[in-house]
Amino acid sequence: MKTNEFQNIWQNIDSEIKLKSKEELDHIFKVKSRNIINKFLFIFTIDLIICAGLIVFLMITLLNRPGDLIYQINNLLLCLFTTFAYFASLLSFNKLQNNEFNIPLKEWLEQRITLLAKWLLGIYSKSYILLLPILVLMIILSIHVYYEYKPFVEVMKNEESIIGLLVGYPIGLLVAFYAINKIRKFELKNLEYLKELHQRLCNGD
């Protein structure tokens, strides 16, 4: 986040904390911290809903195509990855959700900043660049072949189906990258806000 954006945010906060008691200031910072964490929780909730919906779709299509081995392998691999992503998001949600301030606010906030920084800036934070093209292709194949009502091999032999895939895949991939980049920018902006909030707490000691 740019410096002037921080200044605008903190001008609003500074106007709130003038002439406040220590207890009131502590409450203000708790509310600010909780509001930002809730934004991350909302994103994880949407992620959980999407993963759950995709898993249901993949399971239904697997059961409806018992003789189409290639299609089943595609959907099974995609289902396994989506299930892993679902539980990873659920674990992340639970780690952030703990809203009992049974430790000092500064420490509570520091723990969540560390978690978020690891997810957004850690060694695996850019793995989506490699995974997304593969996953988007598998999802498009799963949906396209299923609604063609033909076996996977027959769909791949159909010229119109191939053209549809060649057109749909880059569009789907572009939309996916755009959405993820927008979400990452939003998350990184809020992470910087949390860091600034933590810095204010440290300076106030």
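The structure this text deals with has already been given above.
From a predicted model like this one, the values you see are computed outputs, not experimental measurements.

Colleague: Give me the lowdown on the overall build of the protein chain, citing residues and values where you can.
Modeller: Assigned secondary structure in the protein chain consists of 7 helices and 0 strands. Across the 205 residues in the protein chain, those meeting the buried criterion constitute 32%. Partitioning the contacts of the protein chain with sequence separation of at least 6, the portion at a separation of at least 24 is 77%. For the protein chain, the accessible surface area stands at approximately 12900 Å², while carbon and sulfur atoms represent 65% of it.

Colleague: Account for the side chain of serine 33, with residues named and values stated.
Modeller: Mapped onto the fold, serine 33 is located in helix H2 (residues 22-64). A relative accessible area of 0% means that serine 33 is categorised as buried. Non-local contacts of serine 33, meaning those with residues more than four positions away in its chain, are made with Leu105, Trp108, Leu109, Leu194 and Leu197.

Colleague: Report on the packing of aromatic side chains, specifying residues and quantitative values.
Modeller: Taken as a whole and judged by the stated rule, the model has 5 aromatic pairs. Measuring from ring centre to ring centre gives 5.5 Å for tyrosine 86 and phenylalanine 87, while their planes differ by 90°; the resulting arrangement is edge-to-face. For tyrosine 86, a relative accessible area of 24% gives the class partly exposed. Here the aromatic rings of tyrosine 128 and phenylalanine 177 are separated by 6.4 Å at their centres, their planes lie at 55°, and the arrangement is tilted. Residue tyrosine 128 is found in helix H5 (residues 128-148), and its partner phenylalanine 177 is found in helix H7 (residues 159-204); the two are separated by 49 residues along the sequence. What makes tyrosine 128 buried here is its relative accessible area of 16%. Here a set of aromatic residues connected by ring pairs shows up, and it is made of Phe57, Tyr146 and Tyr147. For arginine 65, the ring lying beneath its charged end belongs to tyrosine 71, and the centroid distance is 5.2 Å.

Colleague: So what about the environment of glutamine 199? Which residues, and what values?
Modeller: The residue glutamine 199 is located in helix H7 in this model. Counting along the chain gives 89 residues from glutamine 199 to glutamate 110, while the straight-line C-alpha distance between them is 9.8 Å.

Colleague: Give me the lowdown on the side chain of arginine 112, citing residues and values where you can.
Modeller: Position of arginine 112 relative to the elements: it lies in helix H4 (residues 105-121). The side chain of arginine 112 sits in the buried core without any salt bridge; glutamate 107 is the nearest counter-charge, 8.8 Å away.

Colleague: Residues and numbers for the layout of surface pockets, please.
Modeller: Estimates place the volume of the largest pocket at around 1900 Å³. For the largest pocket, the lining is made up of 44 residues, of which Asp47, Ala85, Ser89, Tyr128 and Ile180 are closest to its centre. Among the secondary structure elements, those contributing two or more residues to the lining of the largest pocket are H2, helix H3 (69-97), H4, H5 and H7. Counting residues per element, the lining of the largest pocket draws most heavily on H3, at 10 residues. Of the residues assigned to the lining of the largest pocket, the class counts are 31 nonpolar, 8 polar and 5 charged.

Rules behind the numbers
- Residues numbered from 1 in each chain as written.
- Predicted model: local features only at pLDDT ≥ 70, side-chain atom pairs only at ≥ 80, totals over all residues.
- Heavy atoms only, no water.
- Helix = DSSP H or I, 4+ residues; strand = E, 2+ residues; numbered from the N terminus.
- Buried < 20%, exposed > 50% of the residue type's maximum accessible area, 1.4 Å probe, protein only.
- Contact = heavy atoms within 4.5 Å.
- Areas by Shrake-Rupley, 256 points an atom, 1.4 Å probe, with all protein chains shown as cover.
- Phe/Tyr/Trp six-rings, centres within 6.5 Å; stacked < 30°, edge-to-face > 60°.
- Lys NZ or Arg CZ within 6 Å of the ring centre and 35° of its normal.
- Lys, Arg positive; Asp, Glu negative; His and termini not counted.
- Salt bridge = Lys/Arg side-chain N within 4 Å of Asp/Glu carboxyl O.
- 1 Å grid on protein atoms, 1.4 Å probe; cavity = no way out; pocket = protein on both sides within 12 Å on 5 of 7 lines; lining within 4 Å.
- Points joined across faces, edges and corners; volume = space filled by probe spheres on them.
- Nonpolar A, V, L, I, M, F, W, Y, C, P; charged D, E, K, R; others polar.

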